[in-house]
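Spelled out, the chains give:
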Amino acid sequence: DAYTSLGGSQYINSTATGRYMDYLCDEVVPFVDETYPTIAEPGARGLTGKSSGGYGAMVVPMKRPDVFNALATHSGDALFEVCYVPDIRAAVRVLRDSFDGSFEVFWSRFRDTDNPDFATFGDPLNIYCMAACYSPDEDDPGGVVLPFDPATGRLVDEVWERWLAWDPVRMVASHLDALSRMKLIYIEAGRSDEYYLDLGATAFAKELEAHGIAHELELFDGKHGGLQYRYPGAIRRLAEALAA
């Protein structure tokens, strides 16, 4: 279970949400190896996921090649200026029009609501939760530092740089050794993904190509949801690559 107090996880360590990369690599994997007849070595392990899970499938093997040596990502978060900046501007408008321009007011009303309406609460909630992963307040465990001015949406450069350091596209250049170990890097997204993660997938693939890292990219006719039918094909690719 990778859910946090703020909802889902990006599968990285954060003082605001918890050490979810450590949990996955240092607790879940050993538990699986101790419980099932696995081949307990990184060359026999792959990681796959979709959306936030697809982000984790890209980032965790880059950071922990000692655990995973293959990955398949379905519509994973990448190319942050494309997938997140529109969420920032939408969140700022909602804060202004419904919550007095304040996250404090937002959280007060959110916690007092038994069944929050995602159309009202969704945009500020999503971008705040991403800040909890990418820019936690190291001096205030559980707190976050926003990468934008909540009154205008203007980016705060030094905080936005912290986010970009976690962008899979930008991480490639500093994780070439780990990526070169991968038995498979499979990347896919729907051409009509509502969050434009097809562009993130393409940018990730182009960055890998620029550094001579073998990979597969597949764009298909589809959106962000309803991709379960795509999972078996990716799992097959992983199984074949890891068995080689």
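Scoring rules and cut-offs
Residues numbered from 1 in each chain as written. Predicted model: local features only at pLDDT ≥ 70, side-chain atom pairs only at ≥ 80, totals over all residues. Heavy atoms only, no water. Helix = DSSP H or I, 4+ residues; strand = E, 2+ residues; numbered from the N terminus. Buried < 20%, exposed > 50% of the residue type's maximum accessible area, 1.4 Å probe, protein only. Contact = heavy atoms within 4.5 Å. Phe/Tyr/Trp six-rings, centres within 6.5 Å; stacked < 30°, edge-to-face > 60°. Axes fitted to C-alpha atoms, helices over the stretch in contact; angles between N-to-C directions. Parallel < 35°, antiparallel > 145°, perpendicular 65-115°, else oblique. Left-handed = near helix turned anticlockwise from the far one by under 90°. Nonpolar A, V, L, I, M, F, W, Y, C, P; charged D, E, K, R; others polar. Pairing = 2+ DSSP bridges. Right-handed = clockwise from strand over helix to strand, strands pointing away.

Asker: Where do I start with the environment of Gly46 in this structure?
Answerer: Along the polypeptide, Gly46 turns up in the loop between helix H1 (20-35) and strand E3 (47-50). A relative accessible area of 30% means that Gly46 is categorised as partly exposed. Considered as a pair, Gly46 and Val32 are 14 residues apart in the sequence and their alpha carbons are 13 Å apart. Each residue touching Gly46, except ones within four places of it in the same chain, is listed here: Phe68, Ala70, Leu238 and Leu242.

Asker: I keep staring at the packing of aromatic side chains and nothing clicks. Help me out?
Answerer: Given two aromatic rings, their pairing is described by the distance between the two centres and the angle made by the two planes. Applying the stated criterion to the full structure yields 19 aromatic pairs. Between the aromatic rings of Phe106 and Phe121, the centroid separation amounts to 5.6 Å while the plane-to-plane angle is 55 degrees, which identifies the pairing as tilted. In this pair, Phe106 is assigned in helix H5 (residues 103-111) and Phe121 in helix H6 (residues 118-134), connecting sequence segments 15 residues apart. Overall, the relative accessible area of 0% leaves Phe106 in the buried class.

Asker: Before we go on, may I ask you to explain the packing of helix H4 (residues 85-98) against H6 in this structure?
Answerer: Each packed pair of helices is defined by two parameters, the angle between the axes and the distance between the axes. Axis separation between H4 and H6 bottoms out at 8 Å; the angle between their running directions is 125 degrees. Accordingly, the angle class assigned to the pair H4 and H6 is oblique. Crossing handedness for the pair H4 and H6: left-handed. For the pair H4 and H6, contact is made by Asp87, Ile88, Ala90, Ala91, Val94 and Leu95 and by Thr120, Asp123, Pro124, Asn126 and Ile127, respectively. Residue composition of the contact of H4 with H6, grouped by class: seven nonpolar, two polar and two charged.

Asker: What exactly am I supposed to notice about the pairing of strand E5 (residues 184-190) here?
Answerer: Successive side chains on a regular strand alternate, one facing one side of the sheet and the next facing the other. Burial analysis of E5 places seven of its seven residues in the buried class, the great majority of the element. Where burial is concerned, the two faces of E5 agree: the one with Leu184, Tyr186, Glu188 and Gly190 and the one with Ile185, Ile187 and Ala189 are both buried. Note that strand E4 (residues 70-74) and E5 share five bridges and pair parallel. Across the sheet, residue His74 finds its bridge partner in E5, namely Glu188. Bridge analysis of E5 against strand E6 (residues 216-220) gives five bridges, and the strand direction is parallel. Residue Tyr186 lies in a different strand from E6, and its bridge partner there is Glu216. In terms of handedness, the path from E5 via helix H10 (residues 197-210) over to E6 forms a crossover that is right-handed.

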